[in-house]
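Each chain, written out:
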Amino acid sequence: MNGLPEVTCVGTVVADPELRFIPSGDAVVNFTVASNSRRYDRETGQWVDGDTTFLRCSLWRQAAENVSESLTKGDRVIVTGQLKQRSYETQEGDKRTVFELAVAEVGPSLRWATAKISKADRKPSTQPGDAWTAQPARASDEPPF
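Residues numbered from 1 in each chain as written. Predicted model: local features only at pLDDT ≥ 70, side-chain atom pairs only at ≥ 80, totals over all residues. Heavy atoms only, no water.

Any chance you could break down the overall build of the protein for me, citing the residues and the numbers?
The helix and strand inventory of the protein stands at one helix and eight strands. Ordering the α and β elements of the protein from the N terminus gives β-β-β-β-α-β-β-β-β. Burial status across the protein gives 23% buried among its 145 residues. Sequence separation of 24 or more characterises 53% of the internal contacts of the protein that already satisfy a separation of 6 or more. Carbon and sulfur atoms make up 49% of the accessible area of the protein, which totals about 10800 Å². (Helix = DSSP H or I, 4+ residues; strand = E, 2+ residues; numbered from the N terminus. Buried < 20%, exposed > 50% of the residue type's maximum accessible area, 1.4 Å probe, protein only. Contact = heavy atoms within 4.5 Å. Areas by Shrake-Rupley, 256 points an atom, 1.4 Å probe, with all protein chains shown as cover.)

Listed below in structure tokens is the structure:
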């Protein structure tokens, strides 16, 4: 472990995930999750939303393709991963710092929704650090090995 903080966030996907492929052929998906606090105001008898936190997320390889096929804008998700800080300079010369989540796991929140799981076949990955990689599902008449 490299010492970066592990965090879990529950929130809403704010736009359809953006899938792209780098020159090596590896897939990467980027998406943003919005999360905010909510409290009940007894004086007005209404729920009041707090400030919204937007967390940019990225995920690689087969999991990236799975996210791209599974999630859309408005989906409620649970994401966990390592929180990373990145600094950069804009074209105007302004310095910015952002926090991004290098996602380890992502899934739908089942608090207010249901989901149907479709398992993908797995085989050992050729990528360092990945124990397994998902593969397209077999036809039901194919042998499992």
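Outline the side chain of D41, listing residues and values.
Tracing the backbone through its elements, the reader meets D41 in strand β3 (residues 27–41). Apart from residues lying up to four places away in sequence, D41 is in contact with Q46 and V48.

An account of the environment of S58 is requested, with residue identities and associated values reported.
As for its placement among the helices and strands, S58 is situated in strand β4 (residues 46–60). Taking the C-alpha atoms as reference points, S58 and V28, 30 residues apart in sequence, are found 6.9 Å from one another.

Please provide a residue-by-residue account of the nonpolar core, values included.
Judged by nonpolar contacts, the single largest core of 16 residues is most densely connected at F31, V33, C57 and V79. With four residues, the top contributor of residues to this core is β3. Aside from chain neighbours lying at most four places away, what touches C57 is V29, N30, F31, V33, V79, L101 and V103. (Core = buried A, V, L, I, M, F, W, Y, C linked by side-chain atoms within 4.5 Å.)

Run through the environment of E89, naming residues and quoting values.
Looking at where E89 falls in the secondary structure, it is placed in strand β5 (residues 76–89). Not counting chain neighbours up to four residues away, the residues in contact with E89 comprise D94 and K95.

Lay out the packing of aromatic side chains in plain terms, naming residues and giving numbers.
Here the distance between the centres and the angle between the planes together describe a pair of aromatic rings. For the structure shown, the criterion picks out one aromatic pair. Their ring planes at 65° and their centres at 5.4 Å tell us that Y40 and W47 sit as a pair that is edge-to-face. Residue Y40 is classed as partly exposed on the basis of its relative accessible area, which comes to 42%. Judged by its relative accessible area of 52%, W47 is exposed. (Phe/Tyr/Trp six-rings, centres within 6.5 Å; stacked < 30°, edge-to-face > 60°.)

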